[in-house]
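Residues per chain are reported as follows:
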Amino acid sequence: MERGGSNSSRALFPRGPSFTIDDFSSKDFIVRDFIDSLAETAVPANRRSAGPTNNAFDPKPLIRTFENALSQLGTLSEELQQKESELLSQVRRAEIQHDQTLDVLGRKLDQSMAQFEALDLTLNNPSTTAGNIRADGGGNIAVQIGEKLEELDRKRRKAQDANFLIQCWMEVTDSGQLTSLEEIQRQGGAENKVRCAVIARQLMRISQRLDPVSWGQQSNGVTNGVTGTNPRHNTREVLEKFSELLEQDLLKQFNNSYRRQNFDDMMECAKVLHDFNGGASVTAAFVNQHQFFIDRDQLITDEVTTDGETWDQLADPDSDPPGVEPSLQSLIDEVRIVMQEESFIIKRAFPYYETVLIKFIQRVFQQSIQQRLEMVLDKATTISSLAFLRSLHASRTYIGALVEDLKTHGLTEHPEPCSVQISQALDQQLEELFVPYLVGNSYIDRERRSLEEMYNSLLFKFTLYHSRRKKVPTGFMAAIAQQGTQLLASAKDAYMERLESSELTPTQKAMMLRVAGLQDNTNNKNEIEVSEQDGTLSVANAKRMIIWLAESVRRTLEMGSTSETPKDVNILLNLLLFSMGQVYVETALDAALDQATSQENSKTEPDLTYLPNIRPAVTITNIMSRFITTVLIRLAESNTTVRRHMEAQAKVAIEATEKKTNAVMKSTMDVAVNWVGKTLAQQKKLDFRPRDNDLEGLVDSLQTPTCQAICTFLSAKVAVQAAQAIDGHNLEMFSSELALAVYRLLFEHLKKFPVNATGGLMVTKDIAKYVSTMKEWKLNKDVEQIVELLTEVGYLFIIGPEALRERSRNLASGGPVGLGAALGKKLQKADFKAFVQRREDASTVGIQSVLAGL
């Protein structure tokens, strides 16, 4: 029964699912899931649980379910279309209303712009039309009203200031206090402090006029037309005390702000103090209390700590300068950093920052750098004069680099370069640092004395050797030799006097002894031993002298002013010409000339070992001339007068050296020619007319003893020594002239001796030896052809009459005997006849016929 009742209450067909628009509005809605859910609700539960084998498939429930769903979906679609239509109609109505609103607002904007333009034209572009007169008048009236209001405001403030000033003056005269002014000061602020400073200055001027007694002046009751008030208190003291307190307060505030790096507050204090007293107090406070100066003041007593090796290197002229002293270098490096950092602070803290920066620069240079520089130079002075000059130059160079770096950095103008005022201040401080050492001729005199000491040291043994050398010239050469002796004596004595001077430092004395090659215990110049090597010229020593001078020129050029450079290099030129030209080169040439002239009439074979000194003399002169031309004279081009004077001096010196060199070579040639002539005079009369019993010995000998001696002298001594002395064209000129002189001697010599048939062979052997000896020299082509004529002369003593007749047809005619043959490169008839007549068979018919045919 219960089951039957239950079945009767159940519907005949299952009711289809129902859904709304919200079911399809979810983001998680999936069509496939929706279809599956419809299909599941269409099949009854008992059928789903029964399994597939009980009943056949029944599509009707699905059809009814889907039909129901389609009908519901159709209803929903109609509802959606109705809502969409309503929304579209609402949008159209809103757009129409928006367009109407825009039109209204546009018309209102146009009206506002037209009204503004009309007002602008009324105020700024008045016209002459009656309609615009009223508007124009209104604009002018507005401007006039504004100007009157500003003027009234100025008068009001002026009246208030005058009232307050009178009030303050009454306070200071009646009670001796400045209560109102102190009240403003206590309010703080830059504007109030500026006002206090201005009023204080004004009160000070009033006090000078109305209270002259407090200023130490006589009062007659009227001061500049103003009746005095005879105040009860000393207004000057009151005002000065207030001013002092105000200034101290501002300085204290400035210092506190500096420690906190509050640049804005520093700027305000600086402005007030600048208006109050020109800013001198705040500038002094900033500069003098700077931590850099406090720290450096504690270190300024430190000694210069450079080691001894560095000082020895400074004093050694052959060592490169070590550079700036380390403690000075450290200070300058620190100054570079501090200046760059503080310039940034100064620009932000001071309205007149250039003035403050200049004061800071002056303090840095005049206190810190100058004190350390003086300590370094004082220490260098105790070492040697060269150490002082090198330290001075290194310091000047390093500090100059600091100045250029600061200019490039710009300091307060960074990253732009420094302003003109700052650059001038830096240059001025750099110049003032070194003025005491560069004033007048003090610097160039130091350079000259230092070079003199080094030159005298280097040439001491050379001058000592030549001062002890015996001199034997006579006549004009004696006067020249005497001048040279005086120069040597002055140079030698100057060195010894300086060496014995009490002012000479131990380091400098050791340097002078080392350069001179002496021992430290040398006290007596007569005990000093010198060798022949000490008296010869050394190109290496000359180069050392040039290197020292070049270093001195560089220092002079960088330390001195451009206008003084020509005069300075002229002084150095005079020193070079004296020391290297006269004392060194000309002394060696004088010695060589003495040796040459003393042997012109020597009875023994001449000693030509002095000739090799010519080569270094010429080399040193060329080095000196090139340095003068390329360096010294070029540096004097800015002063035409000095340059011409230097050129003339150099020319005279070089010509003097050349003349002495030529004199030595000419004297040497005379010595050689005289010795050859003297040796030829020792030729035996029978050397070319041997007896029959001498034939066996003659066959073994190649030349006569005279020929052998002359050729050995010319080749082994003259030619070798001359080649060591000169070269190139000079050697060719000397050899050619010597060959011509020897040729003339032999040409005449052979005319003096009788020659037989066997002697003719000896003549040809001697001539062949003479010719081969001279042809080994460097001769020009003309002289070489002339020397070959001697071979033709030898043939004249051995050929027969027919050959003589043939040779007589090629003879030259005219001109001096011998010389014409040399110049014409042919024998002349007179020479031909003279040689042939010395033949033993000259009286025979054949020979006589040849001579008659001439």
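These figures come from a predicted structure and were not determined experimentally. (Residues numbered from 1 in each chain as written. Predicted model: local features only at pLDDT ≥ 70, side-chain atom pairs only at ≥ 80, totals over all residues. Heavy atoms only, no water.)

1. As for the overall build of the chain
Quick reminder of the rule: Numbered from the N terminus, helices here are DSSP runs of H or I no shorter than four residues, and strands are runs of E no shorter than two. Any residue under 20% of the maximum accessible area for its type is buried, any over 50% is exposed, and the rest in between are partly exposed; the area is computed with a 1.4 Å probe on protein chains only. Note on definitions: a residue-residue contact is assigned when non-hydrogen atoms from the two residues lie within 4.5 Å. Working definition of accessibility: Shrake-Rupley area with a 1.4 Å probe, residue cover restricted to the visible protein chains.
Each helix and strand in the chain was counted, giving 34 helices and two strands. Residues counted as buried form 40% of the 854 residues belonging to the chain. Considering only intrachain contacts with a sequence separation of at least 6, the fraction spanning at least 24 residues in the chain is 77%. Per element, the accessible surface of the chain, about 47500 Å² overall, is 52% carbon and sulfur.

2. Describing the pattern of salt bridges
Cut-off, in case you're wondering: Every case where a carboxyl oxygen of Asp or Glu lies within 4 Å of a side-chain nitrogen of Lys or Arg is listed as a salt bridge.
According to the stated counting rule, one finds 31 salt bridges in the structure shown. A salt bridge links Lys666 to Asp670; the nearest nitrogen and oxygen atoms lie 3.5 Å apart. With a gap of four residues between them, Lys666 and Asp670 both fall in helix α25 (residues 640-681), about one helical turn apart. Using a relative accessible area of 56% as the deciding quantity, one classes Lys666 as exposed. Among the residues examined, Asp670 registers a relative accessible area of 26% and is labelled partly exposed. The network of salt bridges with common partners includes Asp316, Asp318, Arg514 and Arg544.

3. Quick look at the UniProt feature "coiled-coil region" (unreviewed entry) in the chain
Heads up, the condition is: UniProt positions are given in the numbering used here, feature names are shortened, and annotations may be inferred rather than shown by experiment.
In the numbering used here, UniProt assigns the feature "coiled-coil region" (unreviewed entry) to residues 66-97. Between the end C-alpha atoms of residues 66-97 the distance is 46 Å, and the span holds 100% helix and 0% strand.

4. Describing the packing of aromatic side chains
Going by this rule: Side-chain rings of Phe, Tyr and Trp, where Trp is taken by its six-membered ring, are said to pair if the distance between their centres is within 6.5 Å; with planes under 30 degrees apart they count as stacked, over 60 as edge-to-face, and otherwise as tilted.
For the structure shown, the criterion picks out 14 aromatic pairs. Residues Phe462 and Tyr584 carry aromatic rings whose centres are separated by 4.8 Å and whose planes lie at 65° to one another, so their mutual orientation is edge-to-face. You can see Phe462 sitting in helix α19 (residues 460-468) and its partner Tyr584 sitting in helix α23 (residues 565-597), a full 122 residues away along the chain. Look at Phe462 and you get buried, because its relative accessible area is 3%. Classification of Tyr584 by relative accessible area gives buried; the value is 1%.

5. Notes on unusual backbone geometry
Residue Pro415 follows His414 across a cis peptide bond; omega there is 5°. Tracing the sequence through the fold places Pro415 in the loop between α16 (385-409) and α17 (420-438). Even without being glycine, Gln261 reaches a positive phi, approximately 60°. Considering the arrangement of structural elements, one finds Gln261 in the loop between α9 (235-259) and α10 (263-277). Taking relative accessible area as the criterion, Gln261 reaches 39% and is therefore assigned partly exposed. Despite not being glycine, Leu411 has its phi angle at roughly 55°, a positive value. Along the chain, Leu411 turns up in the loop between α16 and α17.

6. Digging into the confidence of the model for the chain
Selection criterion: pLDDT expresses how confident the predictor is about each individual residue, on a scale running from 0 to 100.
Mean pLDDT over the chain works out to 82, with 83% of the residues at or above the 70 mark. Across residues 1-13 the pLDDT falls below 50, and counting only partners more than four positions away or on other chains, this stretch makes one contact in the model. Segment residues 815-824 is flagged for pLDDT under 50; beyond a separation of four residues in sequence, or across chains, it makes 22 contacts in the model.

7. Observations regarding the packing of helix α13 (residues 308-315) against α16
Our working rule: Lines are fitted to the C-alpha atoms to define the axes, a helix being fitted only along its stretch in contact, and any angle between axes, read from their N-to-C directions, falls within 0 to 180 degrees. We call two directions roughly parallel when the angle between them is under 35 degrees, roughly antiparallel when it is over 145, roughly perpendicular when it lies between 65 and 115, and oblique otherwise. Throughout this entry, Asp, Glu, Lys and Arg are counted as charged residues, while Ala, Val, Leu, Ile, Met, Phe, Trp, Tyr, Cys and Pro are counted as nonpolar. The remaining residues, Gly among them, count as polar.
Two numbers describe how α13 lies on α16: the axes approach to 7 Å, and their chain directions differ by 95°. Between α13 and α16, the angle is such that the two are roughly perpendicular. Between α13 and α16, the contacting residues are Trp311, Gln313, Leu314 and Ala315 on the first element and Leu386, Ala387, Arg390 and Ser391 on the second. Looking at the contact of α13 with α16 residue by residue, the classes come out as five nonpolar, two polar and one charged.

8. What about the environment of His414?
Operational definition: Pairing of N or O atoms within 3.5 Å defines a polar contact, subject to two protein rules: one partner must be a possible hydrogen donor and the other a possible acceptor, and residues neighboring in sequence count only if both atoms are side-chain atoms.
Mapped onto the elements of the fold, His414 is located in the loop between α16 and α17. You can call His414 partly exposed: its relative accessible area is 48%. For the pair His414 and Phe344, spaced 70 residues apart in the sequence, the C-alpha separation amounts to 8.4 Å. A polar contact is formed between the side chain of His414 and the backbone oxygen of His409, at a distance of 2.8 Å.

9. Here's the deal with α9
Here is the rule: One less than the residue count of a helix, multiplied by 1.5 Å, gives the span that helix is expected to have.
For α9, with 25 residues, the first-to-last C-alpha span of 36 Å sits near the 36 Å given by 1.5 Å per residue. Residues of α9 that are buried include every one of Thr235, Val238, Leu239, Phe242, Ser243, Leu246, Glu247, Leu250, Leu251, Phe254, Asn255 and Ser257, and no others. The N-capping residue of α9, defined by a side-chain oxygen 3.1 Å from the backbone nitrogen of Arg236, is Asn234. Count one or two residues on from α9 and you reach Gln261, which has phi positive near 60°.

10. Re the nonpolar core
Here is the rule: What makes a nonpolar core is a set of buried Ala, Val, Leu, Ile, Met, Phe, Trp, Tyr and Cys residues whose side-chain atoms join them at distances within 4.5 Å.
One finds Leu576, Ile628, Leu632, Leu738 and Met774 to be the most contacted residues of the largest nonpolar core, which totals 117 residues. Setting aside anything within four residues of it in sequence, one finds Leu576 in contact with Ile546, Leu549, Gly581, Met624, Phe627, Ile628 and Leu632. Grouped together as the second largest cluster of nonpolar side chains are 81 residues, Leu210, Val272, Cys418 and Leu433 included.

11. Structural notes on the packing of helix α11 (residues 280-288) against helix α15 (residues 353-381)
Let me state the cut-off plainly: Here is the rule for handedness: rotate from the far helix to the near one, and if that takes an anticlockwise turn smaller than a right angle the crossing is left-handed, while a clockwise turn gives right-handed.
Axis separation between α11 and α15 bottoms out at 10 Å; the angle between their running directions is 40°. Classified by the angle their axes make, α11 and α15 are oblique. When you trace α11 past α15, the crossing you get is right-handed. In contact with Thr283, Phe286, Val287 and Asn288 of α11, α15 contributes Val356, Lys359, Phe360 and Arg363. By residue class, the composition of the contact of α11 with α15 is four nonpolar, two polar and two charged.

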